[in-house]
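Chain residues, written in single-letter form:
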Amino acid sequence: MTAQRAALGAGAWTGPVTVPALGAACLDCVIAATDAGLTPQREALRGAAIHTLGLLESRAPGRAVEVRIPPYAAVQCVAGPRHTRGTPPNVVETDAITWALLAAGRTDWPGAVASGTVRASGPRADLSAYLPLAAARPVTNGPAPPADGPPADGPAADGPAAGG
């Protein structure tokens, strides 16, 4: 996140050093970078993907859908039949920038699926009921906004384990 904040012309992170706060700050930086026409930094993308997938797991507990954000992380979520072997019948896969935009409400699910930036297969793979997951906040040089508690629009989560 430090490199991404520097690329945005913002000062060093002065906010809380907790998993939820850093994950939320990574999402903020990724959205700010895309808004500025910059390519988000790899580690900021990783932090945003892991954070928002954790929020999705909290909002849609279960193991019926596998959501993949390669190469950063993957989770299983959404109630329904649990998948245990082989390729799951309900899979969502997208790139980290598209996922961040969806998670922050900057793009919508039907548009992302129609454009092909989200690949969703299976009867439970529509995640539109769970999105957006968090609102992105402006990245500034001033003190970081409080991010220790749950965001106003959803529960905080420490996030899933990073995937291959």
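Remember, predicted model here, so these are calculated numbers, not experimental data.

Engineer: What exactly am I supposed to notice about the overall build of the chain here?
Structural biologist: Within the chain, the regular secondary structure consists of 5 helices and 4 strands. Scanning the chain from its N terminus toward the C terminus, one meets helices and strands in the order α-α-α-β-β-β-α-α-β. Expressed as a percentage of the 164 residues in the chain, the buried residues total 41%. Total accessible area computed for the chain in this model is approximately 7,600 Å², and 56% of it derives from carbon and sulfur atoms.

Engineer: Honestly, the packing of helix 3 (residues 42-59) against helix 4 (residues 96-103) in this entry has me stumped. Any pointers?
Structural biologist: Two quantities define a packed helix pair, namely the angle between the helix axes and the distance between the axes. Relative to each other, helix 3 and helix 4 sit at 45°, their axes nearing to 10 Å. Put simply, helix 3 runs oblique to helix 4. Handedness of the crossing formed by helix 3 with helix 4: left-handed. Residues L45, A49, T52, L53 and L56 of helix 3 lie in contact with helix 4, whose contacting residues are A96, I97, W99 and A103. Residues belonging to the contact of helix 3 with helix 4 are distributed by class as follows: 8 nonpolar, 1 polar and no charged.

Engineer: Would you mind going over unusual backbone geometry with me for this structure?
Structural biologist: With the exception of glycine, most residues fall at negative phi, and the peptide bonds are largely trans. Note that the residue after P70, namely P71, is joined by a cis bond; omega there is -5°. If you trace the backbone, P71 turns up in the loop between strand 1 (65-69) and strand 2 (73-77). In this structure, the amide linkage connecting L131 to the following residue, P132, adopts the cis form with an omega of -5°. Although it is not a glycine, V78 adopts a positive phi angle of roughly 70°. By the element assignment, V78 lies in the loop between strand 2 and strand 3 (91-94).

Engineer: Mind showing me how you'd approach the pattern of salt bridges here?
Structural biologist: Pairing between side chains of opposite charge can happen when their charged atoms approach one another. What the rule picks out here adds up to 6 salt bridges. Where E43 meets R46, a salt bridge forms, and the shortest distance between an N and an O atom there is 3.3 Å. Here E43 pairs with R46, and both are found in helix 3, just 3 residues apart, close to one helical turn. E43 sits in the partly exposed class, given a relative accessible area of 46%. For R119, the salt bridge goes to E93, with nearest N and O atoms at 3.9 Å. Pair noted here: R119 is in strand 4 (residues 118-121) and E93 is in strand 3, with a separation of 26 residues, a long-range link. Residues joined by salt bridges that share partners form a network here, namely E66, R68, E93 and R119.

Here is what the cut-offs are and how they apply
- Residues numbered from 1 in each chain as written.
- Predicted model: local features only at pLDDT ≥ 70, side-chain atom pairs only at ≥ 80, totals over all residues.
- Heavy atoms only, no water.
- Helix = DSSP H or I, 4+ residues; strand = E, 2+ residues; numbered from the N terminus.
- Buried < 20%, exposed > 50% of the residue type's maximum accessible area, 1.4 Å probe, protein only.
- Areas by Shrake-Rupley, 256 points an atom, 1.4 Å probe, with all protein chains shown as cover.
- Axes fitted to C-alpha atoms, helices over the stretch in contact; angles between N-to-C directions.
- Parallel < 35°, antiparallel > 145°, perpendicular 65-115°, else oblique.
- Left-handed = near helix turned anticlockwise from the far one by under 90°.
- Contact = heavy atoms within 4.5 Å.
- Nonpolar A, V, L, I, M, F, W, Y, C, P; charged D, E, K, R; others polar.
- Salt bridge = Lys/Arg side-chain N within 4 Å of Asp/Glu carboxyl O.

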